[in-house]
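Inside the fold
These are the residues of each chain, in order.
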Amino acid sequence: SLVFAGFKSGPKKLKIVAVSNHSCVRVHKQALPLLESGEYEIHLLAAKHSSFAECYYTFGHWLEVGQLNNFIKLHASTTDIFWVHNEPSWFVTLIKEICPDKPVILDVHDSFLARTTKEEADIKLSNGENPVRVSAEERNNFQLADGLVFPGVSFADLVKKEFKLSQPSIVLRSHVPQRLYRYNMQEWLGGLVYEGKVQTNTEGRVSHAFKYCDYKELAKECFSQGVDFHIYGARDDKEFMDIYKDIAIIHPPYVLDVLLRQISRHDWGLVGNLHPHSEWDYAMPNKLFEYVAAGVPVVALNAKECGEYVVEKGIGISVNSLQELTERWKEHTEIRKNLLKTRRGLNMEENIGSLKSLYEQLL
């Protein structure tokens with residue numbers, strides 16, 4: 001496990017306070033290599049206790065905005081940079097109210113802009129509906145931040161153009177730290193693996209935006225074509241199980257290091273979905289790099305930027321249908337060989353330099 005950096009002596013480190021709601025794994029992917037470098041003192045404030053919380057100098061578990069307000073006040077005088085991770089994004093406003101002169105970096109994990117196109121939103125408006133696409137919370141806080149971090153190029157371009165953002169920004173994909181890469185793997189299960197969010201209800205005003213992670217149709221088609229579809233979705237509620245228990249193979253939730261060991265057993269790791277969706281045109285998700293860390297070739301199904309990336313790196317294929325995947329299924333053997341030989345260049349340690357440079361730029 002990580003040696004607690006607070007016990008190390010040496011020159012003064014840059015103090016970073018990360019602020020998050022559910023403490024997404026993307027936070028830890030970046031923070032762990034920074035902590036291990038010995039150059040940074042990183043504290044975490046989050047509304048949810050998660051894996052890796054013990055690796056930070058301190059962990060502040062806030063349950064309501066008053067507690068978060070007080071945590072920020074405790075850190076304000078000694079902190080060099082506040083490092084906010086959305087969603088939500090309103091933490092930027094709270095920090096700027098308390099200490100307006102402290103630099104705040106916002107890591108834009110997600111945005112409603114990518115989940116619905118302007119054309120789709122216009123159709124809903126003309127039908128008397130009120131779609132969630134351009135969010136005032138996102139606009140205000142994205143503009144207020146002193147620096148921005150994005151997980152993908154197309155996504156960064158979309159957000160910066162819509163909200164007219166001109167502050168310093170970088171693209172840092174959701175690479176996995178080398179220390180979490182898998183080498184010892186378990187029994188082979190084969191099939192197609194998907195890990196991440198699964199949405200069951202897509203009819204509501206907000207939930208409709210998450211239609212991109214509704215996998216009912218893909219699961220049905222996999223079942224009809226004899227493809228084992230494995231879901232690691234962190235759900236076992238009745239609504240979810242009633243939909244998927246007979247057409248997919250459901251796995252229990254795991255913490256990240258265990259999850260990587262589990263998904264290493266499969267032939268292909270899925271990003272995308274059966275039908276095109278705006279989110280998949282822009283997304284560069286955590287799961288892609290977790291498949292890489294687990295040694296699993298990636299199939300980008302109607303996922304534009306992911307598809308271009310995995311083909312360029314030689315770590316996966318891009319397809320437009322499940323039928324195309326089944327026809328190319330055996331390619332996973334040769335692609336895996338290349339993935340395992342080249343994936344070290346895709347770890348977070350090899351790519352974290354741009355974030356370090358952004359820190360220095362804002363001081």
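Scope of this entry: the structure provided in the associated data block. Quick caveat, the model's predicted, so the values are computed rather than measured.

Once that is clear, we can look at the overall build of the chain. Along the backbone of the chain there are 15 helices and 13 strands. Reported as C-alpha extents along the three principal axes, the dimensions of the chain are approximately 60 × 55 × 40 Å. For the chain, the proportion of its 363 residues judged to be buried stands at 55%. Long-range pairs, those at least 24 residues apart, make up 68% of the contacts in the chain between residues at least 6 apart in sequence. Looking at the chain as shown, the accessible area adds up to about 15700 Å², and 52% of this sits on carbon and sulfur atoms. In the chain, the 42 positive side-chain charges and the 47 negative ones have mean positions that sit 3 Å from each other.

Cis geometry marks the peptide bond from asparagine 86 to glutamate 87, where omega comes out at -5°. Relative to the assigned elements, glutamate 87 resides in the loop between strand 4 (81-85) and helix 3 (91-98). Of note, the bond from glutamate 87 into proline 88 is cis; its omega dihedral lies within 30 degrees of zero at -5°. Within the secondary structure layout, proline 88 lies in the loop between strand 4 and helix 3. Phi at lysine 164 is positive, roughly 55°, even though this residue is not glycine. Checked against the element boundaries, lysine 164 lands in the loop between helix 6 (153-163) and strand 7 (169-171). Positioned with a positive phi, asparagine 302 is a non-glycine residue whose angle comes to about 55°. Tracing the backbone shows asparagine 302 in the loop between strand 12 (298-301) and helix 12 (304-313).

Of all hydrophobic cores here, the largest spans 90 residues; its most connected members are Leu192, Phe229, Leu288 and Tyr359. Filtering out sequence-adjacent residues up to four positions away, leucine 288 remains in contact with Val271, Val298, Cys306, Tyr309 and Val310. If you look at the next biggest cluster of nonpolar residues, it comprises 29 residues, including Val17, Leu68, Leu94 and Ala145.

In the structure shown here, the tally under the stated rule is 15 aromatic pairs. Here tryptophan 62 and tryptophan 90 contribute two aromatic rings whose centre-to-centre distance is 6.2 Å and whose plane-to-plane angle is 75°, an arrangement assigned as edge-to-face. Of the two residues, tryptophan 62 sits in the loop between strand 3 (59-61) and helix 2 (65-76) while tryptophan 90 sits in the loop between strand 4 and helix 3, which places them 28 residues apart along the sequence. For tryptophan 62, a relative accessible area of 5% translates into the label buried. Overall, the relative accessible area of 30% leaves tryptophan 90 in the partly exposed class. Measuring from centroid to centroid gives 5.7 Å for phenylalanine 289 and tyrosine 309, while their planes differ by 65°, and the two rings are edge-to-face. Residue phenylalanine 289 is located in helix 11 (residues 286-294), and its partner tyrosine 309 is located in helix 12; the two are separated by 20 residues in the primary sequence. What makes phenylalanine 289 buried here is its relative accessible area of 1%. Of the residues examined, tyrosine 309 reaches a relative accessible area of 6% and is grouped as buried.

This part is about the pattern of salt bridges. Counted by the stated rule, this structure contains 20 salt bridges. Taking the shortest distance from any N to any O, the salt bridge between lysine 12 and aspartate 80 comes out at 3.8 Å. Taken together, the residues span a long stretch of sequence, with lysine 12 in the segment before strand 1 (14-19) and aspartate 80 in the loop between helix 2 and strand 4 at a distance of 68 residues. On the basis of relative accessibility, which here comes to 70%, the residue lysine 12 falls in the exposed class. Within the structure, one salt-bridge network assembled from shared partners comprises Glu87, Asp110 and Arg115.

The residue glutamate 305 is located in helix 12 in this model. For the buried residue glutamate 305, which engages in no salt bridge, the nearest side chain bearing the opposite charge is arginine 173, 4.6 Å off. Of the polar contacts made by the side chain of glutamate 305, one reaches the backbone nitrogen of valine 153; its length is 3.0 Å.

Thresholds, definitions, all that
- Residues numbered from 1 in each chain as written.
- Predicted model: local features only at pLDDT ≥ 70, side-chain atom pairs only at ≥ 80, totals over all residues.
- Heavy atoms only, no water.
- Helix = DSSP H or I, 4+ residues; strand = E, 2+ residues; numbered from the N terminus.
- Buried < 20%, exposed > 50% of the residue type's maximum accessible area, 1.4 Å probe, protein only.
- Contact = heavy atoms within 4.5 Å.
- Areas by Shrake-Rupley, 256 points an atom, 1.4 Å probe, with all protein chains shown as cover.
- Lys, Arg positive; Asp, Glu negative; His and termini not counted.
- Charge placed at Lys NZ, Arg CZ, Asp CG, Glu CD.
- Core = buried A, V, L, I, M, F, W, Y, C linked by side-chain atoms within 4.5 Å.
- Phe/Tyr/Trp six-rings, centres within 6.5 Å; stacked < 30°, edge-to-face > 60°.
- Salt bridge = Lys/Arg side-chain N within 4 Å of Asp/Glu carboxyl O.
- Polar contact = N/O pair within 3.5 Å; in protein donor to acceptor, adjacent residues only side chain to side chain.

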